[in-house]
Amino acid sequence: MSAPGGSVIVLDLDDTLYLEREFVRSGYAALGGWMQQRFGVTDFAERAAWVFETGDRSRVFDAVLAGYGLETQAGLIATLVSLYQCHSPQIALAPDAAAWLEQHRHRTRLAIITDGPAATQTNKLRALGLDGGGIAPLVCTGQWGRAYWKPHHRGFEHVMAHYRCAGSDCVYVADNPAKDFIAPRALGWRTVQIVRPGAIHAAATVGEGLGADTVITSFDALDDWLAARGAAGPVHFAGQ
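One structure accompanies this document, and this report is about it. (Residues numbered from 1 in each chain as written. Predicted model: local features only at pLDDT ≥ 70, side-chain atom pairs only at ≥ 80, totals over all residues. Heavy atoms only, no water.)

**A closer look at the packing of aromatic side chains**
And step 1. Tallied over the full model, the rule gives 12 aromatic pairs.
And step 2. With a centroid separation of 6.3 Å and 70 degrees between ring planes, the pair formed by Trp-34 and Phe-39 is classed as edge-to-face.
And step 3. Given the relative accessible area of 21%, Trp-34 is considered partly exposed.
And step 4. Judged by centre distance (6.2 Å) and plane angle (40 degrees), the ring pair of Phe-44 and Phe-61 falls under tilted. Residue Phe-44 is found in helix H2 (residues 44-54), and its partner Phe-61 is found in helix H3 (residues 60-68); the two are separated by 17 residues along the sequence. (Phe/Tyr/Trp six-rings, centres within 6.5 Å; stacked < 30°, edge-to-face > 60°. Buried < 20%, exposed > 50% of the residue type's maximum accessible area, 1.4 Å probe, protein only. Helix = DSSP H or I, 4+ residues; strand = E, 2+ residues; numbered from the N terminus.)

**Concerning the sheet that holds strand E4 (residues 170-174)**
And step 1. Spatial ordering of the open sheet is given by E3-E2-E1-E4-E5-E6, a layout of six strands whose pairing is parallel. This sheet does not close on itself; its edge strands, each paired only once, are strand E3 (138-140) and strand E6 (214-216). Shown here is a sheet whose adjacent strand axes are inclined to one another by a mean of 20 degrees, direction ignored.
And step 2. As paired elements, E4 and strand E5 (residues 190-194) share four bridges and run parallel to each other. Among the inter-strand pairings, Val-173 is bridged to a residue of E5, identified as Val-192.
And step 3. In this fold helix H7 (residues 154-163) packs onto strand E1 (8-11), strand E2 (109-114), E3 and E4, with an angle of close to 160 degrees to the strand it touches most, E2. (Pairing = 2+ DSSP bridges. Axes fitted to C-alpha atoms, helices over the stretch in contact; angles between N-to-C directions. Contact = heavy atoms within 4.5 Å.)

**Re H2**
And step 1. Buried within H2 are the following residues: Phe-44, Ala-45, Ala-48, Val-51 and Phe-52. For H2, the angular spread of the buried residues around the axis is 130 degrees, confining them to a single face. Of the exposed residues in H2, those oriented more than 90 degrees away from the buried face are Glu-46 and Trp-50.
And step 2. Contact partners of the buried residues in H2: helix H1 (20-39), H3 and helix H4 (76-86). (Arc of directions from axis to C-beta.)

**Topic: the pattern of salt bridges**
And step 1. Inspection of every chain in the model, using the stated rule, returns 11 salt bridges.
And step 2. Here Lys-150 and Asp-180 are joined by a salt bridge, their closest N and O atoms 2.8 Å apart. Taken as a pair, Lys-150 in the loop between E3 and H7 and Asp-180 in the loop between E4 and helix H8 (182-186) lie far apart in primary sequence, 30 residues in all. Comparing Lys-150 with Asp-180, the two get one shared label, buried.
And step 3. Salt bridges sharing partners connect three or more residues here, namely Asp-12, Lys-150 and Asp-180. (Salt bridge = Lys/Arg side-chain N within 4 Å of Asp/Glu carboxyl O.)

**Section: the side chain of Asp-180**
And step 1. According to the relative accessible area criterion, Asp-180 is buried, its value standing at 1%.
And step 2. Polar contacts involving the side chain of Asp-180 include one to the side chain of Lys-150, which spans 2.8 Å.
And step 3. Only 2.7 Å separates the side chain of Asp-180 from the backbone nitrogen of Asn-176, close enough to count as a polar contact.
And step 4. Contact partners of Asp-180, with chain neighbours within four places excluded, come to Asp-12, Lys-150, Phe-156, Tyr-172, Ala-174 and Asp-175. (Polar contact = N/O pair within 3.5 Å; in protein donor to acceptor, adjacent residues only side chain to side chain.)

**A few points about the pairing of E4**
And step 1. By the criterion of burial, E4 is predominantly enclosed, with five of the five residues buried.
And step 2. In E4, alternate side chains face the same way, and those of Cys-170, Tyr-172 and Ala-174 on one face and Val-171 and Val-173 on the other are all buried.
And step 3. Bridge count between E1 and E4: four bridges; the pairing is parallel. Within E4, the position partnered with Leu-11 by the bridge is Val-173.

**Digging into the layout of surface pockets**
And step 1. In this structure, the largest pocket occupies an estimated 1,000 Å³ of space.
And step 2. What lines the largest pocket is a set of 33 residues, and nearest its centre among them are Glu-20, Phe-52, Arg-57, Tyr-84 and Gln-85.
And step 3. Secondary-structure elements contributing two or more residues to the lining of the largest pocket are H1, H3, H4 and helix H6 (118-127).
And step 4. Residues belonging to the lining of the largest pocket are distributed by class as follows: 12 nonpolar, eight polar and 13 charged. (1 Å grid on protein atoms, 1.4 Å probe; cavity = no way out; pocket = protein on both sides within 12 Å on 5 of 7 lines; lining within 4 Å. Points joined across faces, edges and corners; volume = space filled by probe spheres on them. Nonpolar A, V, L, I, M, F, W, Y, C, P; charged D, E, K, R; others polar.)

Here is the structure:
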């Protein structure tokens, strides 16, 4: 079944098609092997996961290294960040996302827009089997630099140019209301927030009028919403 009206369905990646915590755990496991080989420590992944869940997520490596007395090792944080970002992740599509993509991948106009370092996001796409055709373009905004991460318009405009379509033809499905829906709403897109148990940004808040048009908890509900909106005619946005 194609999306109503030939819509372009554009998907976020992290916590939309899979749980980002899987990538985090995968990265810590990869670093755990490296740290054991380099420094003889055996519980780096467990300590890092604990800090991630209970402490300051922006300083996970600092906290763990301090626990080992390694915080003064020159360049070690930068090395860990690089290894984490560039590792080959052990991750899998959420079952509902996998089933939806199986149905739509070669029958619906699809694209992905995702933030993050380009190499990291490319590795995720490869690990999830999303780079093998049927979804294009795959927009990793990091290829243009962090200034172009959402809520910048460039990724969304790139998809519109690729499909030569208007904003009213596009739907963006993503998880983080703090940044994901600002640009597409401004461009006239329809927007859907998916809230998964365990999602990192599930509790993020957003100003009035900047959130998604609807909230779902599974891709199982997406087609019904798309069909209902297609049957209802054009979507009218505030200020238009």
